Amino acid sequence: MATGLTSARWTHVALPTGDLDKAIAFYTALAPLVVVERFKDADGESVWLSNDQQVETPLVLVLVSFNKDKGGQLGLLHPFAHIGIEVPAREDVDALADRARELGCLHWEPRQMPDPVGYICALKDPDGNVVEISHDQRVFDTVRAKWGGAR
């Protein structure tokens, strides 16, 4: 099978989960991710999640649920280790924090942090992994400015 890959590239982060359906529901409701592919074999199931239509520089969150670990809470990213998601407006941070608070998964209340961190809050996924939501952290803009847009 031919590939369009022309150089080594960061493509995914993989995390175990004790409940794949709950994890999918979390990431598709509280993060800007959609299901790309779902797989199943004798050892368990997995899913690839990414930003919708992310063609230029695909980055995938792989969630893996091994049969032997089903029902466990398998979080690896805590208390500070986290996945970072940048949103375009400060209000987006507040809205996601409100929703997470209602769902009982808000980890850090929204707060303004010194440069370069920006305005942030954090959520906990069903396995206890921390997901930071940030505005004005400028990771996206900084990388695009440095390298002239998407490659």
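Here's what I pulled together on the structure shown here. Here the structure is a predicted model, which is why all the values come from computation and not from measurement.

## Looking at the packing of aromatic side chains
Okay, step 1: Across all of its chains, the model carries three aromatic pairs by this definition.
Okay, step 2: Both rings, one in F39 and one in W48, keep their centres 5.0 Å apart while their planes meet at 55°; by these two values the pair is tilted.
Okay, step 3: For the pair F80 and W108, a centre-to-centre distance of 6.2 Å together with 20° between the ring planes defines the contact as stacked. Of this pair, F80 sits in the loop between β4 (60–66) and β5 (82–86) while W108 sits in strand β6 (residues 106–113), placing them 28 residues apart in sequence.

## Structural notes on the side chain of S65
Okay, step 1: Tracing the chain through its elements places S65 in strand β4.
Okay, step 2: Every residue in contact with S65, bar those within four places of it in the chain, is listed here: T17, G18, L20, D43, G44, E45 and K70.

## Re the nonpolar core
A general trend in soluble globular proteins is that nonpolar side chains are found buried together.
Okay, step 1: Among the nonpolar cores identified, the biggest contains 28 residues, and Y27, L61, L63, L123 and I133 are the most heavily contacted of them.
Okay, step 2: Secondary structure elements with two or more residues in this core: α1 (20–30), β3 (44–51), β4, β5, α2 (90–103), β7 (118–124) and β8 (130–135).
Okay, step 3: No other element matches α1, which puts six residues into this core.
Okay, step 4: If we ignore the near neighbours within four places in the chain, the residues touching L61 are V13, L15, Y27, L33, V47, W48, L49 and I83.

## Observations concerning the pattern of salt bridges
Pairs can form between side chains of opposite charge once their charged atoms are near each other.
Okay, step 1: Evaluation of the coordinates by the stated rule reveals eight salt bridges.
Okay, step 2: Between R101 and E109 there is a salt bridge, and its shortest N-O distance comes to 2.6 Å.
Okay, step 3: Residue classification places E109 among the partly exposed positions, given a relative accessible area of 41%.
Okay, step 4: With a closest N to O distance of 3.2 Å, D136 and R138 form a salt bridge.

## Re unusual backbone geometry
Okay, step 1: For the bond running from H78 to P79, omega is -10°, close enough to zero to count as cis.
Okay, step 2: Relative to the helices and strands, P79 is located in the loop between β4 and β5.
Okay, step 3: Although it is not a glycine, Q53 sits at a positive phi angle of roughly 65°.
Okay, step 4: Mapped onto the secondary structure, Q53 falls in the loop between β3 and β4.
Okay, step 5: Given a relative accessible area of 65%, Q53 falls into the exposed group.
Okay, step 6: We note that D136 has phi near 70°; this positive angle belongs to a residue other than glycine.
Okay, step 7: Along the polypeptide, D136 turns up in the loop between β8 and α3 (139–147).
Okay, step 8: Taking relative accessible area as the criterion, D136 reaches 39% and is therefore assigned partly exposed.

## Notes on α2
Residues that lie three or four places apart on an α-helix share one face, since the helix turns once every 3.6 residues.
Okay, step 1: Taking 1.5 Å per residue as the helical rise, α2 with its 14 residues ought to reach 20 Å, and the 20 Å between its terminal C-alpha atoms agrees with that figure.
Okay, step 2: For α2, the complete set of buried residues consists of V93, L96, A97 and A100. Seen along its axis, α2 keeps its buried residues to an arc of 105°; they face one direction. Residues of α2 that are exposed and point more than 90 degrees away from the buried face comprise E91 and E102.
Okay, step 3: Looking at the buried positions of α2, the neighbouring elements they touch are α1, β6, β7 and β8.

## Quick look at a nonpolar patch on the surface
Okay, step 1: Side chains of W10, V13 and L59 sit close together on the surface and give an oily, nonpolar patch of about 300 Å² of accessible area.
Okay, step 2: Structurally, the position occupied by W10 is in the segment before β1 (12–16).

Rules used in this analysis
- Residues numbered from 1 in each chain as written.
- Predicted model: local features only at pLDDT ≥ 70, side-chain atom pairs only at ≥ 80, totals over all residues.
- Heavy atoms only, no water.
- Phe/Tyr/Trp six-rings, centres within 6.5 Å; stacked < 30°, edge-to-face > 60°.
- Helix = DSSP H or I, 4+ residues; strand = E, 2+ residues; numbered from the N terminus.
- Contact = heavy atoms within 4.5 Å.
- Core = buried A, V, L, I, M, F, W, Y, C linked by side-chain atoms within 4.5 Å.
- Buried < 20%, exposed > 50% of the residue type's maximum accessible area, 1.4 Å probe, protein only.
- Salt bridge = Lys/Arg side-chain N within 4 Å of Asp/Glu carboxyl O.
- Expected span 1.5 Å × (residues − 1).
- Arc of directions from axis to C-beta.
- Patch = residues over 30% accessible without salt bridge, like charges linked within 9 Å, V, L, I, M, F, W, Y side chains within 5 Å.
- Areas by Shrake-Rupley, 256 points an atom, 1.4 Å probe, with all protein chains shown as cover.

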